Amino acid sequence: MTDFDYDLFVIGGGSGGVRAARIAAAEGGAKVGLAEESRMGGTCVIRGCVPKKLMVFASAFPDAMADARAYGWDVQGGAFDWPHFRKALAAELDRLENAYRGTLKNAGVTIHDTRAVVEDAHTVRLATGERFTTRHILIATGGWPFVPDIPGRELAVTSNEMFDLPALPRRALVVGGGYIASEFACILNGLGVEVTQYYRGAQILRGFDDEARGHVSNAMQAAGIAVHCGTDVLRLEKATGGIRAVATDGTEREFDLVLYATGRRPNARGLGLEALGVTLDRAGAIEVDEWSQTAVPSVYAVGDVTNRVNLTPVAIREGHAFADTVFRGVPTRFDHVNIASAVFTQPELASVGLTEEEARKLGPLEVYSASFRPMRTLFAGRQDRMLMKLLVDPVSRKVLGCHIVGDSAAEMIQLAAIAIGMGATKEDFDRTVAVHPTAAEELVTMRKPARVY
Ligand code: NDP
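This one's a predicted model, so the numbers in the text were calculated from it and none came from an experiment.

What counts and how
- Residues numbered from 1 in each chain as written.
- Predicted model: local features only at pLDDT ≥ 70, side-chain atom pairs only at ≥ 80, totals over all residues.
- Heavy atoms only, no water.
- Helix = DSSP H or I, 4+ residues; strand = E, 2+ residues; numbered from the N terminus.
- Expected span 1.5 Å × (residues − 1).
- Buried < 20%, exposed > 50% of the residue type's maximum accessible area, 1.4 Å probe, protein only.
- Polar contact = N/O pair within 3.5 Å; in protein donor to acceptor, adjacent residues only side chain to side chain.
- Near = heavy atom within 4 Å.
- Areas by Shrake-Rupley, 256 points an atom, 1.4 Å probe, with all protein chains shown as cover.
- Nonpolar A, V, L, I, M, F, W, Y, C, P; charged D, E, K, R; others polar.
- Core = buried A, V, L, I, M, F, W, Y, C linked by side-chain atoms within 4.5 Å.
- Pairing = 2+ DSSP bridges.
- Contact = heavy atoms within 4.5 Å.
- Axes fitted to C-alpha atoms, helices over the stretch in contact; angles between N-to-C directions.

### Describing helix 7 (residues 210-222)
Part 1 of the argument: Taking 1.5 Å per residue, 13 residues should reach 18 Å; helix 7 reaches 18 Å between its end C-alpha atoms and fits that length.
Part 2 of the argument: Every buried residue of helix 7 is listed here: Ala212, Arg213, Gly214, His215, Val216, Ser217 and Met220.
Part 3 of the argument: With a side-chain oxygen positioned 3.1 Å from the backbone nitrogen of Glu211, the residue opening helix 7 is Asp209.
Part 4 of the argument: Residue Gly224 follows helix 7 closely and has a positive phi angle near 110 degrees.

### Quick look at the site of the ligand
Part 1 of the argument: Around the ligand, a shell composed of 21 residues is seen, among which Gly177, Tyr199, Arg206, Asn310 and Ala342 lie nearest.
Part 2 of the argument: Tyr179 is positioned with one of its backbone polar atoms (N or O) 3.3 Å from an oxygen atom of the ligand.
Part 3 of the argument: When the free accessible area of the ligand is taken as 920 Å², the share hidden by the protein chains comes to 78%.
Part 4 of the argument: It is helix 6 (residues 179-190) that provides the largest number of residues to the shell around the ligand, a total of 3 residues.
Part 5 of the argument: Of the residues belonging to the shell around the ligand, the class tally is 9 nonpolar, 6 polar and 6 charged.

### Thoughts on the nonpolar core
Part 1 of the argument: By size, the foremost hydrophobic cluster in this structure holds 66 residues, and its most contacted members are Cys402 and Ile404.
Part 2 of the argument: At 7 residues, the largest contribution of residues to this core is made by helix 12 (residues 409-421).
Part 3 of the argument: With 23 residues, the next largest nonpolar core counts Val18, Ala30, Val32 and Ala107 among its residues.

### Thoughts on unusual backbone geometry
Part 1 of the argument: Cis geometry marks the peptide bond from Gln346 to Pro347, where omega comes out at 10 degrees.
Part 2 of the argument: With respect to the helices and strands, Pro347 occurs in the loop between strand 17 (341-343) and strand 18 (349-353).
Part 3 of the argument: Cis geometry is found at the peptide bond from His436 to Pro437, where omega equals -5 degrees.
Part 4 of the argument: Mapped onto the elements, Pro437 comes out in the loop between helix 13 (426-431) and strand 22 (451-452).
Part 5 of the argument: The phi torsion at Asn307 lies on the positive side, around 50 degrees, for a residue other than glycine.
Part 6 of the argument: Note that Asn307 resides in the loop between strand 16 (299-301) and helix 9 (312-327).
Part 7 of the argument: According to the relative accessible area criterion, Asn307 is partly exposed, its value standing at 34%.

### Observations regarding the sheet that holds strand 21 (residues 399-405)
Part 1 of the argument: Here 6 strands make up an open sheet; going across it, the order is 17-18-21-20-19-22 and the pairing antiparallel. Taken across any chain shown, the strands that pair with only one partner, and hence form the sheet edges, are strand 17 and strand 22.
Part 2 of the argument: Pairing of strand 19 (residues 366-372) with strand 20 (residues 386-392), which is carried by 7 bridges, proceeds in the antiparallel orientation. Bridge assignment links Phe372 to a residue of strand 20, and that residue is Met386.
Part 3 of the argument: Against the sheet, helix 7 engages strand 18, strand 19, strand 20, strand 21 and strand 22, with an angle of about 175 degrees to strand 20.

### Description of the sheet that holds strand 9 (residues 194-199)
Part 1 of the argument: Strand order in the open sheet formed by 4 strands is 10-9-8-14, and the pairing between neighbours is parallel. Looking along the sheet, the strands with just one partner apiece sit at the ends: strand 10 (226-229) and strand 14 (257-260). The sheet shows a mean angle of 15 degrees between the axes of neighbouring strands, taken without regard to direction.
Part 2 of the argument: Relative to strand 14, strand 8 (residues 171-175) runs parallel, the two sharing 4 bridges. Paired with Leu173 across the strands is Val258, a residue of strand 14.
Part 3 of the argument: The sheet contacts of helix 6 involve strand 8, strand 9 and strand 14, and relative to strand 9 the element is tilted by about 165 degrees.

Right, dumping it as C-alpha coordinates:
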(Lines give C-alpha, C1' and ligand atoms only; values in the text may rest on other atoms or scores of the structure.)
Protein backbone atom coordinates (compact mmCIF):
# COMPACT_ATOMS: atom_id res chain seq x y z
CA MET A 1 0.00 0.00 0.00
CA THR A 2 1.27 3.39 -0.95
CA ASP A 3 1.14 6.28 1.53
CA PHE A 4 0.60 8.63 -1.36
CA ASP A 5 -2.42 9.25 -3.58
CA TYR A 6 -0.23 8.36 -6.56
CA ASP A 7 3.09 6.63 -7.19
CA LEU A 8 3.68 8.97 -10.11
CA PHE A 9 2.10 12.23 -11.15
CA VAL A 10 3.00 13.40 -14.66
CA ILE A 11 2.56 17.05 -15.63
CA GLY A 12 2.17 17.26 -19.39
CA GLY A 13 0.40 14.91 -21.80
CA GLY A 14 2.81 15.10 -24.74
CA SER A 15 5.09 12.48 -26.22
CA GLY A 16 7.42 12.11 -23.22
CA GLY A 17 4.79 12.33 -20.47
CA VAL A 18 2.36 9.92 -22.08
CA ARG A 19 5.05 7.29 -22.67
CA ALA A 20 6.34 7.52 -19.11
CA ALA A 21 2.83 7.36 -17.64
CA ARG A 22 1.86 4.35 -19.74
CA ILE A 23 4.98 2.30 -18.99
CA ALA A 24 4.93 3.15 -15.28
CA ALA A 25 1.26 2.13 -15.00
CA ALA A 26 0.96 -0.78 -17.44
CA GLU A 27 4.38 -2.37 -16.98
CA GLY A 28 5.51 -1.01 -13.64
CA GLY A 29 2.22 -1.51 -11.78
CA ALA A 30 2.29 2.10 -10.57
CA LYS A 31 -0.71 4.21 -9.69
CA VAL A 32 -0.36 7.11 -12.10
CA GLY A 33 -2.08 10.46 -12.54
CA LEU A 34 -1.46 12.80 -15.47
CA ALA A 35 -2.51 16.42 -15.89
CA GLU A 36 -2.71 18.18 -19.25
CA GLU A 37 -4.04 21.73 -19.51
CA SER A 38 -4.41 21.71 -23.28
CA ARG A 39 -5.11 18.80 -25.59
CA MET A 40 -3.79 15.30 -25.00
CA GLY A 41 -0.91 14.47 -27.32
CA GLY A 42 1.07 17.67 -26.83
CA THR A 43 2.99 19.66 -29.41
CA CYS A 44 3.89 16.78 -31.71
CA VAL A 45 0.38 15.50 -32.18
CA ILE A 46 -1.69 18.65 -31.86
CA ARG A 47 0.45 21.52 -33.19
CA GLY A 48 3.71 20.07 -34.45
CA CYS A 49 5.09 17.04 -36.27
CA VAL A 50 1.81 15.34 -37.17
CA PRO A 51 -0.25 18.23 -38.60
CA LYS A 52 2.96 19.60 -40.14
CA LYS A 53 3.63 16.36 -42.01
CA LEU A 54 0.04 16.25 -43.25
CA MET A 55 0.51 19.78 -44.56
CA VAL A 56 3.75 18.70 -46.22
CA PHE A 57 1.79 15.96 -48.00
CA ALA A 58 -0.92 18.44 -49.00
CA SER A 59 1.62 20.88 -50.36
CA ALA A 60 3.38 18.29 -52.54
CA PHE A 61 0.43 17.66 -54.87
CA PRO A 62 1.04 20.47 -57.38
CA ASP A 63 4.44 18.95 -58.22
CA ALA A 64 2.94 15.47 -58.24
CA MET A 65 0.26 16.64 -60.69
CA ALA A 66 2.84 18.30 -62.92
CA ASP A 67 4.87 15.07 -62.87
CA ALA A 68 1.75 13.04 -63.67
CA ARG A 69 1.18 15.20 -66.75
CA ALA A 70 4.79 14.68 -67.81
CA TYR A 71 4.20 10.93 -67.50
CA GLY A 72 1.20 11.14 -69.82
CA TRP A 73 -1.73 11.54 -67.43
CA ASP A 74 -4.44 13.97 -68.34
CA VAL A 75 -4.56 15.68 -64.95
CA GLN A 76 -6.09 19.09 -64.47
CA GLY A 77 -4.81 20.88 -61.41
CA GLY A 78 -7.40 22.83 -59.46
CA ALA A 79 -7.35 25.24 -56.57
CA PHE A 80 -6.46 24.12 -53.07
CA ASP A 81 -9.46 24.08 -50.75
CA TRP A 82 -7.95 25.14 -47.41
CA PRO A 83 -11.23 24.92 -45.40
CA HIS A 84 -11.68 21.34 -46.66
CA PHE A 85 -8.16 20.39 -45.61
CA ARG A 86 -8.43 22.18 -42.28
CA LYS A 87 -11.63 20.32 -41.42
CA ALA A 88 -10.12 16.96 -42.36
CA LEU A 89 -7.00 17.81 -40.36
CA ALA A 90 -9.06 18.76 -37.30
CA ALA A 91 -10.93 15.44 -37.52
CA GLU A 92 -7.66 13.52 -37.74
CA LEU A 93 -6.23 15.35 -34.73
CA ASP A 94 -9.42 14.57 -32.77
CA ARG A 95 -8.97 10.91 -33.66
CA LEU A 96 -5.35 10.92 -32.54
CA GLU A 97 -6.11 12.76 -29.33
CA ASN A 98 -8.75 10.16 -28.50
CA ALA A 99 -6.30 7.39 -29.28
CA TYR A 100 -3.84 8.88 -26.80
CA ARG A 101 -6.55 9.14 -24.17
CA GLY A 102 -7.62 5.55 -24.83
CA THR A 103 -4.06 4.29 -24.48
CA LEU A 104 -3.65 6.01 -21.13
CA LYS A 105 -7.01 4.85 -19.83
CA ASN A 106 -6.31 1.27 -20.89
CA ALA A 107 -3.04 1.45 -19.00
CA GLY A 108 -4.96 2.56 -15.90
CA VAL A 109 -3.70 6.16 -15.83
CA THR A 110 -6.07 8.76 -14.33
CA ILE A 111 -6.27 11.81 -16.60
CA HIS A 112 -6.86 15.29 -15.14
CA ASP A 113 -7.79 17.75 -17.89
CA THR A 114 -6.42 20.81 -16.17
CA ARG A 115 -3.23 22.64 -15.27
CA ALA A 116 -1.10 21.29 -12.45
CA VAL A 117 1.72 22.91 -10.51
CA VAL A 118 4.13 21.51 -7.97
CA GLU A 119 3.44 22.47 -4.37
CA ASP A 120 6.16 20.52 -2.64
CA ALA A 121 8.42 17.60 -3.43
CA HIS A 122 5.49 15.17 -3.06
CA THR A 123 2.38 17.28 -3.76
CA VAL A 124 0.81 18.63 -6.92
CA ARG A 125 -1.99 21.18 -6.99
CA LEU A 126 -4.48 21.32 -9.84
CA ALA A 127 -6.14 24.48 -11.18
CA THR A 128 -9.41 22.98 -9.91
CA GLY A 129 -8.08 23.36 -6.36
CA GLU A 130 -7.57 19.62 -5.86
CA ARG A 131 -4.29 18.44 -4.34
CA PHE A 132 -2.67 15.04 -4.71
CA THR A 133 0.27 13.57 -2.91
CA THR A 134 2.62 11.50 -5.00
CA ARG A 135 5.82 9.56 -4.52
CA HIS A 136 7.36 10.85 -7.76
CA ILE A 137 6.64 13.79 -10.04
CA LEU A 138 7.55 13.91 -13.74
CA ILE A 139 7.64 17.27 -15.49
CA ALA A 140 7.03 16.83 -19.21
CA THR A 141 5.64 20.22 -20.13
CA GLY A 142 7.54 20.69 -23.39
CA GLY A 143 8.29 24.04 -24.96
CA TRP A 144 6.59 27.05 -26.45
CA PRO A 145 7.37 29.26 -29.46
CA PHE A 146 9.61 32.22 -28.74
CA VAL A 147 9.03 35.54 -30.53
CA PRO A 148 11.70 38.22 -30.01
CA ASP A 149 10.62 41.48 -28.47
CA ILE A 150 10.32 43.61 -31.62
CA PRO A 151 7.74 46.37 -32.09
CA GLY A 152 4.60 44.86 -33.64
CA ARG A 153 5.34 41.29 -32.54
CA GLU A 154 1.63 40.84 -31.74
CA LEU A 155 0.93 41.03 -35.49
CA ALA A 156 2.91 37.83 -36.10
CA VAL A 157 1.71 34.27 -35.68
CA THR A 158 3.74 31.25 -34.55
CA SER A 159 3.64 27.61 -35.63
CA ASN A 160 0.89 27.12 -33.01
CA GLU A 161 -1.57 29.06 -35.15
CA MET A 162 -0.56 27.69 -38.54
CA PHE A 163 -2.90 24.72 -38.52
CA ASP A 164 -6.00 26.75 -37.84
CA LEU A 165 -5.63 29.79 -40.09
CA PRO A 166 -9.03 31.14 -41.20
CA ALA A 167 -7.69 31.45 -44.74
CA LEU A 168 -4.42 30.90 -46.55
CA PRO A 169 -2.52 34.16 -47.08
CA ARG A 170 -1.54 35.38 -50.54
CA ARG A 171 1.86 36.67 -49.38
CA ALA A 172 3.67 35.29 -46.33
CA LEU A 173 6.86 36.25 -44.56
CA VAL A 174 8.59 33.53 -42.57
CA VAL A 175 11.17 34.72 -40.04
CA GLY A 176 13.88 32.30 -38.88
CA GLY A 177 16.13 29.76 -40.52
CA GLY A 178 15.62 26.62 -38.41
CA TYR A 179 13.51 23.49 -38.87
CA ILE A 180 10.15 25.14 -38.39
CA ALA A 181 10.77 28.24 -40.50
CA SER A 182 12.21 26.29 -43.41
CA GLU A 183 9.52 23.62 -43.31
CA PHE A 184 6.69 26.16 -43.29
CA ALA A 185 8.33 28.22 -46.04
CA CYS A 186 8.19 25.10 -48.24
CA ILE A 187 4.68 24.09 -47.16
CA LEU A 188 3.22 27.52 -47.88
CA ASN A 189 5.07 27.75 -51.18
CA GLY A 190 3.69 24.35 -52.21
CA LEU A 191 0.18 25.49 -51.32
CA GLY A 192 0.51 28.42 -53.71
CA VAL A 193 1.42 31.18 -51.25
CA GLU A 194 4.07 33.74 -52.29
CA VAL A 195 6.77 33.14 -49.66
CA THR A 196 9.62 35.29 -48.42
CA GLN A 197 11.97 34.00 -45.70
CA TYR A 198 14.20 36.26 -43.62
CA TYR A 199 17.07 34.68 -41.74
CA ARG A 200 19.57 36.69 -39.70
CA GLY A 201 22.54 34.38 -40.38
CA ALA A 202 24.53 33.54 -43.52
CA GLN A 203 22.78 30.27 -44.39
CA ILE A 204 19.56 28.60 -43.21
CA LEU A 205 19.50 25.37 -41.15
CA ARG A 206 22.48 26.16 -38.96
CA GLY A 207 23.92 23.04 -37.36
CA PHE A 208 23.35 20.81 -40.39
CA ASP A 209 26.07 19.88 -42.89
CA ASP A 210 27.03 22.98 -44.92
CA GLU A 211 26.85 21.31 -48.31
CA ALA A 212 23.42 19.88 -47.47
CA ARG A 213 22.17 23.26 -46.22
CA GLY A 214 23.32 24.92 -49.42
CA HIS A 215 21.62 22.23 -51.47
CA VAL A 216 18.29 22.73 -49.65
CA SER A 217 18.52 26.50 -49.81
CA ASN A 218 19.24 26.48 -53.56
CA ALA A 219 16.34 24.11 -54.18
CA MET A 220 13.98 26.24 -52.10
CA GLN A 221 14.94 29.31 -54.09
CA ALA A 222 14.58 27.42 -57.37
CA ALA A 223 11.06 26.47 -56.22
CA GLY A 224 10.20 30.15 -55.89
CA ILE A 225 10.86 30.97 -52.22
CA ALA A 226 12.63 34.30 -51.76
CA VAL A 227 15.23 33.35 -49.13
CA HIS A 228 16.94 36.46 -47.74
CA CYS A 229 19.89 35.58 -45.52
CA GLY A 230 21.55 38.23 -43.39
CA THR A 231 18.15 39.87 -43.02
CA ASP A 232 15.99 40.35 -39.95
CA VAL A 233 12.82 42.24 -39.09
CA LEU A 234 13.24 45.56 -37.27
CA ARG A 235 9.54 46.09 -36.70
CA LEU A 236 6.11 45.07 -37.90
CA GLU A 237 3.35 47.60 -38.57
CA LYS A 238 -0.29 47.40 -39.52
CA ALA A 239 -0.78 48.43 -43.15
CA THR A 240 -3.98 48.89 -45.13
CA GLY A 241 -3.32 45.81 -47.21
CA GLY A 242 -1.79 43.65 -44.48
CA ILE A 243 1.33 43.75 -42.32
CA ARG A 244 4.37 45.87 -43.19
CA ALA A 245 7.75 44.38 -42.29
CA VAL A 246 10.56 46.89 -41.93
CA ALA A 247 13.77 44.92 -42.38
CA THR A 248 17.43 45.37 -41.54
CA ASP A 249 18.26 45.50 -45.26
CA GLY A 250 16.35 48.77 -45.50
CA THR A 251 13.29 47.33 -47.26
CA GLU A 252 9.65 47.78 -46.22
CA ARG A 253 7.40 45.10 -47.63
CA GLU A 254 3.80 44.09 -47.07
CA PHE A 255 2.56 40.62 -46.28
CA ASP A 256 -0.77 39.05 -45.34
CA LEU A 257 0.83 36.75 -42.79
CA VAL A 258 4.04 36.94 -40.80
CA LEU A 259 5.15 33.67 -39.22
CA TYR A 260 7.82 33.83 -36.54
CA ALA A 261 9.73 30.57 -36.15
CA THR A 262 12.63 31.84 -34.10
CA GLY A 263 13.06 28.96 -31.72
CA ARG A 264 11.20 27.51 -28.76
CA ARG A 265 11.65 27.92 -25.03
CA PRO A 266 11.18 25.33 -22.28
CA ASN A 267 7.87 25.50 -20.40
CA ALA A 268 9.44 25.40 -16.96
CA ARG A 269 8.37 28.68 -15.37
CA GLY A 270 5.33 29.11 -13.18
CA LEU A 271 5.23 25.48 -12.12
CA GLY A 272 6.57 26.11 -8.63
CA LEU A 273 9.86 24.42 -9.45
CA GLU A 274 12.41 27.06 -8.48
CA ALA A 275 10.88 27.53 -5.03
CA LEU A 276 11.24 23.81 -4.52
CA GLY A 277 14.95 23.79 -5.38
CA VAL A 278 14.73 22.42 -8.92
CA THR A 279 17.43 24.25 -10.89
CA LEU A 280 16.90 25.81 -14.31
CA ASP A 281 19.74 26.58 -16.70
CA ARG A 282 20.35 29.88 -18.52
CA ALA A 283 17.92 28.92 -21.28
CA GLY A 284 15.27 28.28 -18.62
CA ALA A 285 15.41 24.50 -19.06
CA ILE A 286 15.16 22.09 -16.13
CA GLU A 287 18.57 20.69 -15.26
CA VAL A 288 18.60 16.91 -14.99
CA ASP A 289 21.20 14.18 -14.68
CA GLU A 290 21.55 11.20 -17.02
CA TRP A 291 18.57 9.54 -15.25
CA SER A 292 16.40 12.64 -15.95
CA GLN A 293 16.41 13.36 -12.21
CA THR A 294 16.37 17.00 -11.06
CA ALA A 295 18.09 18.51 -8.01
CA VAL A 296 15.00 17.41 -6.00
CA PRO A 297 15.19 13.59 -5.85
CA SER A 298 11.44 12.94 -6.20
CA VAL A 299 11.13 15.22 -9.24
CA TYR A 300 12.17 14.14 -12.74
CA ALA A 301 11.86 15.86 -16.11
CA VAL A 302 11.92 14.64 -19.73
CA GLY A 303 11.50 16.09 -23.20
CA ASP A 304 11.81 19.66 -24.49
CA VAL A 305 11.45 21.15 -21.01
CA THR A 306 14.96 19.81 -20.38
CA ASN A 307 16.28 21.19 -23.71
CA ARG A 308 18.57 18.25 -24.43
CA VAL A 309 17.74 17.12 -27.98
CA ASN A 310 14.31 18.57 -28.75
CA LEU A 311 12.74 15.83 -30.82
CA THR A 312 9.63 13.73 -30.16
CA PRO A 313 11.34 10.32 -30.37
CA VAL A 314 13.96 11.56 -27.90
CA ALA A 315 11.30 12.67 -25.41
CA ILE A 316 9.67 9.25 -25.80
CA ARG A 317 12.95 7.48 -25.10
CA GLU A 318 13.68 9.69 -22.11
CA GLY A 319 10.18 9.06 -20.72
CA HIS A 320 10.53 5.33 -21.27
CA ALA A 321 13.98 5.20 -19.68
CA PHE A 322 12.66 7.08 -16.64
CA ALA A 323 9.75 4.64 -16.21
CA ASP A 324 12.04 1.62 -16.67
CA THR A 325 14.46 2.97 -14.09
CA VAL A 326 12.03 4.12 -11.42
CA PHE A 327 9.09 1.73 -11.82
CA ARG A 328 10.39 -1.42 -13.50
CA GLY A 329 13.66 -1.82 -11.64
CA VAL A 330 15.61 -1.69 -14.92
CA PRO A 331 18.07 1.20 -14.64
CA THR A 332 18.16 2.75 -18.12
CA ARG A 333 20.08 5.78 -19.32
CA PHE A 334 19.13 7.12 -22.72
CA ASP A 335 22.22 7.81 -24.77
CA HIS A 336 21.86 11.02 -26.79
CA VAL A 337 24.30 10.10 -29.57
CA ASN A 338 23.80 9.30 -33.24
CA ILE A 339 20.24 10.58 -33.23
CA ALA A 340 19.03 10.80 -36.80
CA SER A 341 16.67 13.60 -37.73
CA ALA A 342 14.98 15.02 -40.78
CA VAL A 343 13.82 18.44 -41.86
CA PHE A 344 10.67 18.13 -43.95
CA THR A 345 11.54 20.87 -46.34
CA GLN A 346 11.01 20.23 -50.03
CA PRO A 347 13.47 18.68 -50.72
CA GLU A 348 13.82 16.81 -47.44
CA LEU A 349 17.09 16.95 -45.54
CA ALA A 350 18.00 14.02 -43.32
CA SER A 351 21.12 13.47 -41.25
CA VAL A 352 22.80 11.21 -38.79
CA GLY A 353 26.18 11.58 -37.13
CA LEU A 354 28.77 14.26 -37.73
CA THR A 355 28.65 17.02 -40.32
CA GLU A 356 31.65 17.48 -42.63
CA GLU A 357 32.61 20.57 -40.63
CA GLU A 358 32.48 18.70 -37.31
CA ALA A 359 34.32 15.65 -38.64
CA ARG A 360 37.13 17.75 -40.17
CA LYS A 361 37.93 19.16 -36.76
CA LEU A 362 38.52 15.67 -35.39
CA GLY A 363 41.22 14.61 -37.87
CA PRO A 364 41.74 13.18 -41.34
CA LEU A 365 38.56 12.61 -43.31
CA GLU A 366 37.29 11.14 -46.56
CA VAL A 367 34.17 12.79 -47.95
CA TYR A 368 32.05 10.79 -50.35
CA SER A 369 29.48 12.96 -52.03
CA ALA A 370 27.15 12.45 -54.97
CA SER A 371 24.75 14.92 -56.49
CA PHE A 372 22.51 13.55 -59.21
CA ARG A 373 19.14 13.93 -60.88
CA PRO A 374 16.89 11.07 -59.73
CA MET A 375 15.18 8.96 -62.38
CA ARG A 376 11.58 9.74 -61.45
CA THR A 377 11.80 13.51 -61.59
CA LEU A 378 14.36 13.58 -64.42
CA PHE A 379 11.83 11.78 -66.62
CA ALA A 380 9.28 14.41 -65.69
CA GLY A 381 11.63 17.11 -66.92
CA ARG A 382 12.51 18.46 -63.48
CA GLN A 383 16.00 19.65 -62.71
CA ASP A 384 15.87 18.57 -59.01
CA ARG A 385 19.11 17.12 -57.75
CA MET A 386 19.57 14.72 -54.90
CA LEU A 387 22.58 14.87 -52.58
CA MET A 388 24.09 11.94 -50.69
CA LYS A 389 27.11 12.18 -48.46
CA LEU A 390 29.11 9.77 -46.37
CA LEU A 391 31.88 10.97 -44.07
CA VAL A 392 34.51 8.34 -43.40
CA ASP A 393 37.36 8.13 -40.91
CA PRO A 394 40.32 6.99 -43.09
CA VAL A 395 41.97 5.15 -40.19
CA SER A 396 39.12 3.21 -38.56
CA ARG A 397 37.14 3.26 -41.88
CA LYS A 398 34.01 3.97 -39.83
CA VAL A 399 31.23 6.02 -41.36
CA LEU A 400 30.98 9.06 -39.11
CA GLY A 401 28.04 10.78 -40.75
CA CYS A 402 25.46 10.49 -43.48
CA HIS A 403 23.51 13.34 -45.07
CA ILE A 404 20.80 13.00 -47.66
CA VAL A 405 18.81 15.68 -49.47
CA GLY A 406 15.93 14.69 -51.70
CA ASP A 407 12.76 12.61 -51.93
CA SER A 408 12.42 10.05 -49.12
CA ALA A 409 15.62 11.23 -47.44
CA ALA A 410 13.95 10.81 -44.03
CA GLU A 411 12.95 7.22 -44.82
CA MET A 412 16.49 6.37 -45.93
CA ILE A 413 18.28 7.93 -42.98
CA GLN A 414 16.34 5.76 -40.54
CA LEU A 415 18.03 2.69 -42.00
CA ALA A 416 21.44 4.31 -42.46
CA ALA A 417 21.24 5.24 -38.75
CA ILE A 418 21.08 1.54 -37.79
CA ALA A 419 24.27 0.78 -39.69
CA ILE A 420 26.10 3.85 -38.43
CA GLY A 421 24.93 3.20 -34.86
CA MET A 422 26.41 -0.29 -35.15
CA GLY A 423 29.76 1.18 -36.22
CA ALA A 424 29.57 0.26 -39.91
CA THR A 425 32.67 0.92 -42.02
CA LYS A 426 32.75 2.25 -45.55
CA GLU A 427 33.60 -1.31 -46.65
CA ASP A 428 30.39 -2.56 -44.97
CA PHE A 429 28.45 -0.08 -47.08
CA ASP A 430 30.43 -1.07 -50.22
CA ARG A 431 29.86 -4.78 -49.62
CA THR A 432 26.11 -4.24 -49.56
CA VAL A 433 24.58 -4.98 -52.94
CA ALA A 434 22.61 -2.11 -54.46
CA VAL A 435 18.83 -2.27 -54.74
CA HIS A 436 18.24 -1.22 -58.32
CA PRO A 437 16.85 1.09 -59.57
CA THR A 438 16.56 3.29 -56.51
CA ALA A 439 18.02 6.55 -55.33
CA ALA A 440 19.25 4.90 -52.14
CA GLU A 441 21.63 2.64 -54.04
CA GLU A 442 23.92 5.65 -54.34
CA LEU A 443 24.76 5.12 -50.66
CA VAL A 444 26.47 1.80 -51.45
CA THR A 445 28.02 2.70 -54.80
CA MET A 446 30.15 5.77 -54.02
CA ARG A 447 33.64 4.41 -54.74
CA LYS A 448 35.96 7.44 -54.84
CA PRO A 449 36.06 10.20 -52.25
CA ALA A 450 35.12 13.64 -53.56
CA ARG A 451 37.50 15.22 -51.06
CA VAL A 452 40.19 13.98 -48.70
CA TYR A 453 41.43 16.03 -45.77
P1 NDP B 1 15.55 26.35 -34.26
O2 NDP B 1 16.34 26.55 -33.03
O3 NDP B 1 15.81 25.19 -35.15
O4 NDP B 1 15.68 27.65 -35.18
C5 NDP B 1 15.43 28.93 -34.70
C6 NDP B 1 15.76 29.92 -35.79
O7 NDP B 1 15.38 31.22 -35.40
C8 NDP B 1 17.24 29.96 -36.10
O9 NDP B 1 17.39 30.15 -37.48
C10 NDP B 1 17.70 31.17 -35.29
O11 NDP B 1 18.82 31.81 -35.84
C12 NDP B 1 16.51 32.07 -35.41
N13 NDP B 1 16.40 33.00 -34.29
C14 NDP B 1 16.48 32.72 -32.98
N15 NDP B 1 16.31 33.84 -32.24
C16 NDP B 1 16.12 34.83 -33.11
C17 NDP B 1 15.90 36.23 -32.96
N18 NDP B 1 15.86 36.80 -31.75
N19 NDP B 1 15.74 36.97 -34.07
C20 NDP B 1 15.80 36.40 -35.30
N21 NDP B 1 16.01 35.09 -35.50
C22 NDP B 1 16.17 34.31 -34.42
O23 NDP B 1 14.06 26.41 -33.77
P24 NDP B 1 12.68 26.06 -34.45
O25 NDP B 1 11.72 27.01 -33.88
O26 NDP B 1 12.78 25.99 -35.94
O27 NDP B 1 12.40 24.59 -33.91
C28 NDP B 1 12.43 24.31 -32.52
C29 NDP B 1 12.85 22.88 -32.27
O30 NDP B 1 11.83 22.01 -32.65
C31 NDP B 1 14.08 22.46 -33.06
O32 NDP B 1 15.25 22.66 -32.30
C33 NDP B 1 13.84 21.03 -33.36
O34 NDP B 1 14.55 20.24 -32.46
C35 NDP B 1 12.36 20.84 -33.19
N36 NDP B 1 11.72 20.55 -34.49
C37 NDP B 1 12.05 19.42 -35.18
C38 NDP B 1 11.48 19.14 -36.39
C39 NDP B 1 11.86 17.91 -37.14
O40 NDP B 1 12.48 17.03 -36.55
N41 NDP B 1 11.54 17.80 -38.43
C42 NDP B 1 10.49 20.04 -37.00
C43 NDP B 1 10.22 21.20 -36.20
C44 NDP B 1 10.83 21.43 -35.00
P45 NDP B 1 20.33 31.33 -35.54
O46 NDP B 1 20.56 30.13 -36.40
O47 NDP B 1 21.15 32.50 -35.98
O48 NDP B 1 20.41 31.07 -34.08
